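# An overview of the molecular structure
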Amino acid sequence: MNLKTMEGLAGAGVNLKNSEASMRVYRAAKREAEFQEMKGEPVNTDVMERALGYTSDFIGSAGEYTEQAKEGTREEMKKLREEQLEAAREKVKEKAEKKKEEAKTEKERTEKTENIEGAESSQVWLENNSAVSEAVTLELSAQGLKLAEGMQENL
């Protein structure tokens, strides 16, 4: 609650209590005037008029303070709406960043999967071709042994 709202509420409350007190004075003066009228004495309305004047002033001041409280409440609500809007914008921004991070992570995961699949396919190729490679190596070794034996005979 901001200062304007608190001041407005406090001022309105005090002025309403004061207007109630002046109304009590007015009612007491009115009863006194009625009593004097029943007795046939002259009625003095000055106290009643002053009490109503004070009541009117206090009620007017209470109205002004009420407007001040309303203005403070409007300002407070405006500020609250701005904060909520900012929080909503921040939340949207965080969601966008999170989505961007997830996309980046997914891209990296896809690249790793492709690399792993590429490595696995290379390994499968090597395994399939290693048998051929071993056969070729053995054949070359056999030919090399024959050549080596032929050379020893010539020496």
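Residues numbered from 1 in each chain as written. Predicted model: local features only at pLDDT ≥ 70, side-chain atom pairs only at ≥ 80, totals over all residues. Heavy atoms only, no water.

### Quick word on the overall build of the chain
Check the secondary structure of the chain and you find two helices and zero strands. When burial is assessed residue by residue, the chain has 11% of its 155 residues classed as buried. Once local pairs closer than 6 in sequence are excluded, the contacts in the chain between residues at least 24 apart make up 76%. On the chain, roughly 13,000 Å² of surface is accessible, and the fraction owed to carbon and sulfur atoms is 56%. (Helix = DSSP H or I, 4+ residues; strand = E, 2+ residues; numbered from the N terminus. Buried < 20%, exposed > 50% of the residue type's maximum accessible area, 1.4 Å probe, protein only. Contact = heavy atoms within 4.5 Å. Areas by Shrake-Rupley, 256 points an atom, 1.4 Å probe, with all protein chains shown as cover.)

### Topic: helix α1 (residues 3–39)
One full turn of an α-helix is made of 3.6 residues, so residues set three or four places apart face in the same direction. Across its 37 residues, α1 extends 54 Å between first and last C-alpha, which sits within 8% of the 54 Å expected from 1.5 Å per residue. At the N-terminal end of α1, a side-chain oxygen is found 3.4 Å from the backbone nitrogen of Lys4, two or three residues along, and the residue is Asn2. (Expected span 1.5 Å × (residues − 1). Polar contact = N/O pair within 3.5 Å; in protein donor to acceptor, adjacent residues only side chain to side chain.)

### Focus: the nonpolar core
Within the largest apolar cluster, five residues are counted, these being Tyr26, Ala29, Ala33, Met48 and Ala51. Contributions of two or more residues to this core are made by α1 and α2 (46–154). In terms of residue count, α1 provides more of this core than any other element does, three residues in total. In this view, Ala33 contacts Val43 and Met48; residues no more than four positions away in its chain are not counted. (Core = buried A, V, L, I, M, F, W, Y, C linked by side-chain atoms within 4.5 Å.)

### Details of the pattern of salt bridges
Overall, the coordinates contain four salt bridges when judged by the stated rule. The closest approach of N and O atoms between Lys4 and Glu71, which form a salt bridge, is 2.5 Å. Linking Lys4 in helix α1 with Glu71 in helix α2, this pair joins segments that are 67 residues apart in sequence. For Glu75, the salt bridge identified is with Lys4, shortest N-O distance 3.2 Å. Of this pair, Glu75 sits in helix α2 while Lys4 sits in helix α1, placing them 71 residues apart in sequence. For Lys4, a relative accessible area of 29% gives the class partly exposed. Look at the salt bridges and you will find they share partners, linking Lys4, Glu71 and Glu75 into a network. (Salt bridge = Lys/Arg side-chain N within 4 Å of Asp/Glu carboxyl O.)

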